[in-house]
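Each chain, written out:
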Amino acid sequence: QVQLVESGGGLVLPGGSLRLSCAASGSIFSRTDMGWYRQGPGKERELVAGITSGGGSKYADSVKGRFTISRDNAKNTVYLQMNSLNPEDTAVYYCYAYYGSTTYWGKGTLVTVSS
């Protein structure tokens, strides 16, 4: 069982930055693929970024060059650094962990980009 707790969401001005964190329980973190999805108002949930247990990463085209995903295996934490935010980035951001053919989800953290 993997439990995930997100933090770092909030209200930010267009052009601003936020860093999301996702802390995972359990001893398997270093062997787990992690990442972030988001769901904006009236939109379907979409993949934002993912990072494999080996450190390989992938991004949605809409966030490439602006968002950076990273992980700290010593802290069982994955991060999403978000820069140059715009109103289209407004969404609930969900952390996920994929291990043993099972996907685990956090409860989400709200990011609102607005002036």
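All of these numbers come straight from a predicted model, not from anything done at the bench.

### Re the pairing of strand β3 (residues 18–24)
- Among the 7 residues that make up β3, 5 are buried, leaving the element largely enclosed by the rest of the structure.
- Here 4 bridges tie strand β1 (residues 4–7) to β3, and the two strands are oriented antiparallel to one another. Bridge assignment links V5 to a residue of β3, and that residue is A23.
- Two elements, β3 and strand β8 (residues 77–82), share 6 bridges in a ladder whose sense is antiparallel. Pairing of L20 across the sheet is with L80, part of β8.

### Points about the state of the cysteines
- Tallying each qualifying case throughout the model produces 1 disulfide.
- For C22, the disulfide goes to C95, at an S-S distance of 2.0 Å. Its S-S torsion of about -80 degrees marks the bond between C22 and C95 as left-handed, since a negative value means left-handed. Note that C22 is positioned in strand β3 and C95 in strand β9 (residues 91–99), a separation of 73 residues in sequence.
- Given the relative accessible area of 0%, C22 is considered buried.
- The class of C95 is buried, set by a relative accessible area of 0%.

Procedures and definitions
Residues numbered from 1 in each chain as written. Predicted model: local features only at pLDDT ≥ 70, side-chain atom pairs only at ≥ 80, totals over all residues. Heavy atoms only, no water. Buried < 20%, exposed > 50% of the residue type's maximum accessible area, 1.4 Å probe, protein only. Helix = DSSP H or I, 4+ residues; strand = E, 2+ residues; numbered from the N terminus. Pairing = 2+ DSSP bridges. Disulfide = S-S within 2.5 Å.

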